[in-house]
Each structure stands twice: as C-alpha cells, then as structure tokens.
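Understanding the architecture of this molecule
Single-letter residue listing:
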Amino acid sequence: MLAIFGGKPVRERPIAARPLVYSPEIIKDIEEVLRSGALVSTHGKWVKAFEEELAKFVGVKYAYATTSGTTALHLALKALGVGPGDEVITTPFTFAASATAVLHANAVPVFADIDRETLNLDPASVESKITDKTKAVVVVHLAGHPAEMDAFMKLADRYGIYIVEDVAQALGAEYRGRRAGSMGHMSAFSFYATKHITGGEGGAVATDVAAYAERARLIRAHGETEKYWYEILGYNYRMTELQGLLLYHELRRFDEFQRAREEYVKALLDGLSGLEGEGLLAVPRPKPYVKHSWHLVQVLLSVERLSKPRDFVVDALRSEGIGNVSVAYPVPLYRTPLFQRMEGHGRGCPWSCPFYGRKVSYERLPNAEWAAERVVSLLVLPNLTAEDAADTAKAFEKVLRELRR
Ligand SMILES: Cc1ncc(COP(=O)(O)O)c(C=O)c1O
C-alpha cells in the first residue's frame, strides 16, 4: 500500500540534504577572518580570490561577486544598459528571478516558448518575439542543461541584441566544449544553498568585455567612481568575506562534488529505465554535444496514463521518504498574479511606462504549459548516494504502477 494511504514507506529515514562537513582548514580560515574583523570585501582577500578562481573556472576575463543570483541578473541587465522602454525576452519555465530582474531594470519581460526535449528556451520561438523594442534575451540553462547558445548568439548578431546567460542552475555545464557563462555578453550565477556551490546566499556576474565588467563593478557599489562621487545609479550588491571564503573553498571541490552528483544521476536514470520503457515517464537525456551539470533531474510524467494528477504523485513520493522531490516549475511565470495584474513598481510601471508605449499580452505558451503539468524534479546534491537513487526509483515504481490507469 502507498505510504500516503498509510502503507510502509520505501524509506524509513527520508532522503534529505545533509550539511556539508567543513574541513579544519576552512574552519581555521573562518576564524582568521572573524579575528581580523575584515568582514567586508573592500578590506579582505577572499571575495577577490573567489572572483579570480570563478573567472578562470568559467573561462572569462572578469567575474564580480554579488549578494545573490537575483542581484547578479539585475546587475548584468543594468550593465548592458537595459532600461525603460526595453523588452527582454525570457522563458516562463524558470524561477521568478529570470524575469523579475527585468522588471527591476524597469524593462518589460516578454515570454517565449520552450523546447520539449531540454525544457530550455526555443530559439525559433525567441526569434518570433523579437521587436524593435527588444534589447536582450535572458537565456536560462535550466536544471544544468545548457541552452542552444550558438543559435542565440546568431540571433544577437542578426538583431543587435544582448544575450544574458542565467547560469544559476548550471555551474560547470558545457555547450560544445565551452563552459556555461562564457558565451553570452554577460552571465549571472547563483550560490544559494541548493546550488552547485554555496555561500549560504551569493551570486556573481561574468563577462569577457571590459566595458561591461567596469559598468557592473561600478553599479555593484553605488556607481561611485571616487569616494562620495556618484557617476551613475548604483546599488550595494557586494558579497561578504565569509561568503567569499566558503565559495572559494567550495569551487576548489567542484570536481569532487560533481563526481558524486553524476554517480547519483546515473543510478537514478538506470533505476527509472523500466518505467520509461512502460511509457509512464520520460527523463530527457542530455544532448550529445553538452555536459549536463545536473542541478535537477527533470522527470516528465505521462499524466494522461495516471489516475491522479502530478501534485498527488509528488505528495505520494514524499510520503515514501523521497525528501528531495519538488516541482520546478508548477506554473509558467506569465500565469502568476505578478504578470497578470501588471502592477510592478506601482502605477503599472514598467508596463505602463510612456517610454514603452505598448501593451504586452501574456498568452499561454503550449510547451511551457505541457511541461508545467507533468514535471517532477529531483534535487541533485553531492551527498546523495546510489542507494538513495535506487530507493527513489523504487518509490517511483511503487507510486506510478499503483496509479496507472
Ligand atoms: C534559474 C534561476 N535564476 C535565478 C535564480 C536566483 O538566484 P538567487 O536565489 O540566488 O537570487 C535562481 C534561484 O533559484 C534560479 O534557479
């Protein structure tokens, strides 16, 4: 009997994130920062050291750390000059920040549809949404699978628009041998707790173009060119030294974390192959020319063949002890009240901005609707094991075979 109906769960002890164990070396470094009192990046060495390592890792000239992935996206858009009257195209099948960063920049988000195989933005759909107002595209590498960057860079050349890579979920992923975050005009990273490396919170922007980097650096710290001299509108998006320290050390362990992630994913995909053969679910396989960095495994349920909706399946899996299951994402962004009411900053800005002077309409996009109805996401963490994966596959078998129509 399913655990959700009172049966014995597959896992007595639910699968859960366990805190990372920090080495004595890291604890010593933390103690040194605390004793020195140098907690801010303007007086310490760690954020700078992390930025240098990150730039090397991604394969770009410049990287600047920020407080979060959201502020990194905002900073990237501002550094590229996105502002009132501009449209920025992005996917509706993502975390809110990919689109709200556009609103924060006082520009209007426009949604394009996704590709059913990778769940990433479809370049043809993006092209169909380009107008004379389009300034940029925020391309998300969803779940760790890189988007079709060659096609997006071609659109950028053809239409004179910018590409911002949202690498929040894809640190270390590769597209045709190039690291995610090194291909667009600017890129934005997140180091939130569930991400590939974390400082608790944190983010970064990266670019190869000195002029964008310099603008990002200025905007990150009040637009101040000299002490108390403000050249342009800026913010305070600086990371602390303790975050920089943790991220510096975690980035050095990236390969080790990634090997553990890959082992878990391999065991999970093997375990789910039976259900895939029965047509009860599908797991999109990485394109042959990419390296998937596996932030999430996106499982697509054959909802037409099940007697209960997706949300019931998720509750049932959780009851079986699969604690790392979630839905990314249950609703395309354009259907949420933020985009339906269009109140934004107040008085309808930026949609009602006279510099914009148009009316955007958020119609439903078929592939985003299709994905949102059937996706079940498994968070991939470096402390999950092949045994966790086998239990997860067992729980899927138990639940889906029971609910099969
Ligand atoms: C695709 C994507 N973009 C942006 C963000 C925002 O990052 P943060 O939570 O660090 O602000 C996230 C975070 O979950 C994300 O998944």
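Residues numbered from 1 in each chain as written. Predicted model: local features only at pLDDT ≥ 70, side-chain atom pairs only at ≥ 80, totals over all residues. Heavy atoms only, no water.

In plain terms, the rule: UniProt positions are given in the numbering used here, feature names are shortened, and annotations may be inferred rather than shown by experiment.
Under an unreviewed UniProt entry, the name given to the protein chain is DegT/DnrJ/EryC1/StrS aminotransferase, and the source organism is Thermoproteus uzoniensis. One UniProt comment on the protein chain, placed under Sequence similarities (unreviewed entry), says "Belongs to the DegT/DnrJ/EryC1 family."

Concerning the packing of aromatic side chains
Note the cut-off: Two rings from Phe, Tyr or Trp (for Trp, the six-membered ring) form a pair when their centres sit within 6.5 Å of each other. Planes less than 30 degrees apart are called stacked, planes more than 60 degrees apart edge-to-face, and all others tilted. Numbered from the N terminus, helices here are DSSP runs of H or I no shorter than four residues, and strands are runs of E no shorter than two. Exposure is judged per residue with a 1.4 Å probe applied to protein chains only, and the accessible area is read against the type maximum: over 50% gives exposed, under 20% gives buried, and values in between give partly exposed. Only lysine NZ and arginine CZ atoms are considered, and such an atom sits over a ring when it is within 6 Å of the ring centre and within 35 degrees of the ring normal.
Per the counting criterion, the structure on display carries 14 aromatic pairs. Look at F57 and F254: their rings are 4.9 Å apart centre to centre, the planes differ by 70°, and that puts the pair in the edge-to-face class. Taken together, the residues F57 in helix α2 (residues 46-58) and F254 in helix α9 (residues 254-277) connect sequence positions 197 residues apart. Comparing F57 with F254, the two get one shared label, buried. Through a chain of ring-to-ring contacts, the aromatic side chains of F111, Y334, F339, W351 and Y362 assemble into a single cluster. Sitting over the face of the ring of Y289, R176 holds its NZ or CZ atom 4.0 Å from the ring centroid. The positively charged end of R179 is found above the aromatic ring belonging to F57, 4.0 Å away from the centroid.

Things to note about a nonpolar patch on the surface
Going by this rule: Patch rule: a residue counts if its relative accessible area is over 30% and it has no salt bridge; like charges are joined within 9 Å, and nonpolar side chains (Val, Leu, Ile, Met, Phe, Trp, Tyr) within 5 Å. Here the accessible surface of atoms and residues is derived via Shrake-Rupley with a 1.4 Å probe, and residues count as covered only by protein chains that are part of the display. Here, a salt bridge means any Lys or Arg side-chain nitrogen found within 4 Å of an Asp or Glu carboxyl oxygen.
A cluster of nonpolar side chains, namely L34, L39 and V40, defines an oily patch on the protein surface of about 250 Å² accessible area. Mapped onto the elements of the fold, L34 is located in helix α1 (residues 24-36).

What to know about the packing of α9 against helix α13 (residues 386-403)
Inclusion rule: Here the axes come from fitting lines to C-alpha atoms, over the contacting stretch only for helices, and the angles between their N-to-C directions go from 0 to 180 degrees. For this classification, under 35 degrees means roughly parallel, over 145 means roughly antiparallel, 65 to 115 means roughly perpendicular, and everything else is oblique. Left-handed describes a crossing whose near helix is turned anticlockwise from the far helix by less than a right angle; the clockwise case is right-handed. The criterion used for residue contact is that any of the two residues' heavy atoms lie within 4.5 Å. The nonpolar class holds Ala, Val, Leu, Ile, Met, Phe, Trp, Tyr, Cys and Pro. Asp, Glu, Lys and Arg form the charged class, and all remaining residues, Gly among them, are polar.
Relative to each other, α9 and α13 sit at 25°, their axes nearing to 8 Å. Considered as vectors, α9 and α13 are oriented roughly parallel to each other. Like other packed secondary-structure pairs, α9 and α13 cross with a definite hand, here right-handed. Across from Y264, A267, L268, G271, L272 and L275 in α9, the residues of α13 making contact are A386, D388, A389, T392, A393, F396, E397, L400 and R401. Class assignment for the residues of the contact of α9 with α13 results in ten nonpolar, two polar and three charged.

What about the environment of T134?
Our working rule: Here a polar contact is taken to be a pair of N or O atoms separated by no more than 3.5 Å, where protein atoms must pair a possible hydrogen donor with a possible acceptor and residues adjacent in sequence count only if both atoms sit in side chains.
With respect to the helices, strands and loops of the structure, T134 is situated in strand β4 (residues 134-140). With relative accessibility at 9%, the residue T134 sits in the buried group. In this structure the C-alpha to C-alpha distance between T134 and V108, which are 26 residues apart in sequence, comes to 9.3 Å. Excluding residues within four positions of it along the chain, T134 makes contact with E87, I89, K129 and I161. At a separation of 2.8 Å, a polar atom in the side chain of T134 contacts the main-chain amide nitrogen of T131.

Things to note about the pairing of strand β8 (residues 186-190)
Worth spelling out the cut-off: Strands were regarded as paired on the criterion that DSSP finds at least two bridges between them.
A large share of β8 lies buried, amounting to five of its five residues. Here β8 shows no split at all, with M186, A188 and S190 on one side and S187 and F189 on the other all buried. Two elements, strand β5 (residues 162-166) and β8, share three bridges in a ladder whose sense is parallel. What sits directly across from D166, in β8, is A188. As paired strands, β8 and strand β9 (residues 203-207) are joined by four bridges and run antiparallel to one another.

Quick word on the pattern of salt bridges
Tallied over the full model, the rule gives 27 salt bridges. Residues R11 and D391 are paired through a salt bridge, measuring 3.0 Å at the closest nitrogen-oxygen approach. Of this pair, R11 sits in the segment before α1 while D391 sits in helix α13; the two residues are 380 residues apart in sequence, bridging distant segments of the chain. The exposure class assigned to R11 is buried, which follows from its relative accessible area of 12%. Looking at D391, the relative accessible area reads 10%, which means it is buried.

Brief notes about the site of the ligand
We count it as follows: For this description, a residue counts as near a given molecule or strand if any of its non-hydrogen atoms is within 4 Å of it. The method works on a 1 Å grid over the protein atoms by themselves. A cavity is a set of points holding a 1.4 Å probe that cannot get out, a pocket is an open set with protein on both sides within 12 Å along at least five of seven lines, and residues with an atom within 4 Å of a point line them. Throughout, a molecule is located in a cavity or pocket provided that more than half of its atoms lie within 2 Å of its grid points.
The immediate surroundings of the ligand are formed by 17 residues, with G69, T70, D166, S190 and K195 found nearest. Taking D166, its side chain carries an N or O atom lying 2.7 Å from a nitrogen atom of the ligand. A distance of 2.7 Å is found between an oxygen atom of the ligand and a side-chain nitrogen or oxygen belonging to S190. For the ligand, the protein covers 90% of the area, taking 390 Å² as the surface of the free molecule. For the ligand, the cavity whose grid points lie within 2 Å of the majority of its atoms is the largest pocket. Those elements that place two or more of their residues in the shell around the ligand are α3 (69-79) and α4 (97-104). Here the element with the most residues in the shell around the ligand is α3; it accounts for three residues. Residue composition of the shell around the ligand, grouped by class: seven nonpolar, eight polar and two charged.

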